[in-house]
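# Chains, contacts and geometry: an overview
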Amino acid sequence: ELPPSEFMQVADSTWLVLSVVSNGREPSGCQATGVTKIARSVIAPLAEHHVSVLMLSTYQTDFILVRERDLPVVIHTLAGEFDIYKEEGGECVPVTCDDVSNGFLKPKQAASPTLHPVQSPQTRFCVLTVAPDTLPAIATMLIDVLFYSHSPPREDGTSSQDLDSITFFAFSLIEGYISIVMDAETQKRFPSDLLLTSSTGELWRMVRIGGQPLGFDECGIVAQIAEPLAAADISAYYISTFNFDHALVPEDGIAEVIQLLQQRQESGR
């Protein structure tokens with residue numbers, strides 16, 4: 001419904017959403033949350049089959065976006081590990097490889113993924129949710145933060161890799177569930193009694209992937225971050241955007257995360 005505009009850039013592909021449901025069966029002893037839970041079973045296999053993904057972690061769950069044209073490869077790749085369903089008329093209907101085999105081509109061998117630089121600003125973030133019926137009470141503040149409250153542009157020519165802080169605010173409304181990521185300073189502008197967070201109230205630090213905007217044809221970017229964190233049972237929330245990918249990790253574990261990612265980059269050279 002958005003009118004065409006020279007100021008709006010739209011990616012060519014149409015994307016479909018995958019939601020991974022465990023039916024309450026969590027691996028014993030696994031404490032990691034967020035994207036790391038599905039790194040080994042979903043993200044890594046898709047990267048090996050040269051499927052590009054966008055990740056969206058929310059307060060409630062995680063979603064994987066894949067291009068519609070890649071769906072046959074996705075189904076064939078994941079069918080051995082998962083029961084796969086599609087929504088039809090509000091009902092979940094089983095999907096088999098035969099349903100998408102028409103025109104299926106075995107994917108080409110994926111080239112070694114580019115190891116993009118990882119930046120870690122000093123900004124501290126909160127992962128929050130809001131009860132839908134209280135949303136009107138903060139709507140004006142949300143609009144101000146989303147569209148008007150921006151940090152002034154840097155004019156000193158400093159490279160983006162040297163940023164001490166980063167402006168980042170993510171708001172998602174999915175099937176009535178609201179999820180918000182904001183920095184700790186911005187959180188102080190909102191009524192504290194309306195913003196809900198985990199019982200621990202932990203703060204998160206960010207690692208941003210890419211020294212320049214990433215292409216939608218690249219694969220393995222999410223795996224570059226998620227796999228080493230999954231191996232170390234470190235929780236993470238992952239948010240892909242039009243230009244960059246962002247992973248949020250617990251503040252007290254940021255030093256270990258940076259060390260793991262540096263080791264990953266060095267071993268990949």
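Look up a bit, the structure's there.
If you're wondering where the values come from, they're calculated on a predicted model, not measured in any experiment. Along each chain, numbering runs from 1 in the same order as the chain's sequence is written. Two thresholds apply to this predicted model, a pLDDT of at least 70 for residue-level local features and 80 or more for giving and counting side-chain atom pairs, whereas whole-chain, interface and lining totals are computed over all residues. With hydrogens and water excluded, all non-hydrogen atoms of the structure serve as input to the side-chain values.

### Examining a nonpolar patch on the surface
In plain terms, the rule: Within the patch definition used here, like charges are joined within 9 Å and nonpolar side chains (Val, Leu, Ile, Met, Phe, Trp, Tyr) within 5 Å, considering only residues with over 30% relative accessible area and no salt bridge. With residues, only the protein chains shown are counted as cover, and all accessible areas are computed by Shrake-Rupley using a 1.4 Å probe. The salt bridge definition used is simple: a Lys or Arg side-chain nitrogen within 4 Å of an Asp or Glu carboxyl oxygen. Where helices and strands are cited, they refer to DSSP runs of H or I of at least four residues and of E of at least two residues respectively, numbered from the N terminus.
Taken together, the side chains of Ile143, Leu146, Phe147, Tyr148, Phe171 and Leu173 define a hydrophobic patch exposed on the protein surface, amounting to about 630 Å² of accessible area. With 3 residues, the single largest contributor to the nonpolar patch is helix 3 (residues 135–147). With respect to the helices and strands, Phe147 occurs in helix 3.

### Points about the packing of aromatic side chains
Which entries qualify depends on this criterion: Any Phe, Tyr or Trp ring, taking Trp's six-membered ring, that has another such ring centre within 6.5 Å forms a pair; planes under 30 degrees apart are called stacked, those over 60 apart edge-to-face, and the others tilted. In this scheme, a residue with accessible area under 20% of its type's maximum is buried, one over 50% is exposed, and one in between is partly exposed, where area comes from a 1.4 Å probe on protein chains only. Whether a charge sits over a ring depends on NZ of Lys or CZ of Arg being within 6 Å of the ring centre and within 35 degrees of the ring normal.
Counted under the stated rule, the structure contains 4 aromatic pairs. Their ring planes at 80 degrees and their centres at 5.2 Å tell us that Phe216 and Phe242 sit as a pair that is edge-to-face. Remark: Phe242 occurs in the loop between strand 12 (237–240) and strand 13 (245–250) and Phe216 occurs in the loop between strand 11 (204–209) and helix 5 (221–231); sequence separation between them is 26 residues. Residue classification places Phe242 among the partly exposed residues on the basis of a relative accessible area of 34%. One aromatic cluster in this structure is built from Trp15, Phe216 and Phe242. One cation-aromatic arrangement involves Arg208 over Phe244; the distance from NZ or CZ to the ring centre is 4.3 Å.

### Considering the side chain of Thr129
Defined as follows: Pairs of N or O atoms within 3.5 Å make up the polar contacts considered here, provided that, within protein, one atom can donate a hydrogen while the other can accept it, and that residues adjacent in sequence are counted only when both atoms are side-chain atoms. The contact criterion used is simple: two residues touch if any of their non-hydrogen atoms lie within 4.5 Å.
By the secondary structure assignment, Thr129 is in strand 7 (residues 124–130). Within polar-contact distance, the side chain of Thr129 engages the side chain of Gln60 at 3.3 Å. Leaving out residues up to four positions away in the same chain, Thr129 has contacts with Tyr59, Gln60, Ile178, Leu194, Leu195 and Leu196.

### Re the environment of Gln187
Tracing the backbone through its elements, the reader meets Gln187 in helix 4 (residues 184–187). Residue Gln187 is classed as partly exposed on the basis of its relative accessible area, which comes to 27%. Expressed as a C-alpha distance, the spacing of Gln187 and Phe125, which sit 62 residues apart in the sequence, is 8.8 Å. In this view, Gln187 contacts Cys126, Leu128, Met182 and Leu195; residues no more than four positions away in its chain are not counted.

### Considerations on helix 2 (residues 71–78)
For helix 2, a buried count of 6 out of 8 residues is recorded, marking the element as mostly surrounded by other parts of the structure. Buried within helix 2 we find Pro72, Val73, Val74, Ile75, Thr77 and Leu78. In this structure, the buried residues of helix 2 make contact with strand 1 (15–19), helix 1 (39–48) and strand 3 (62–67).

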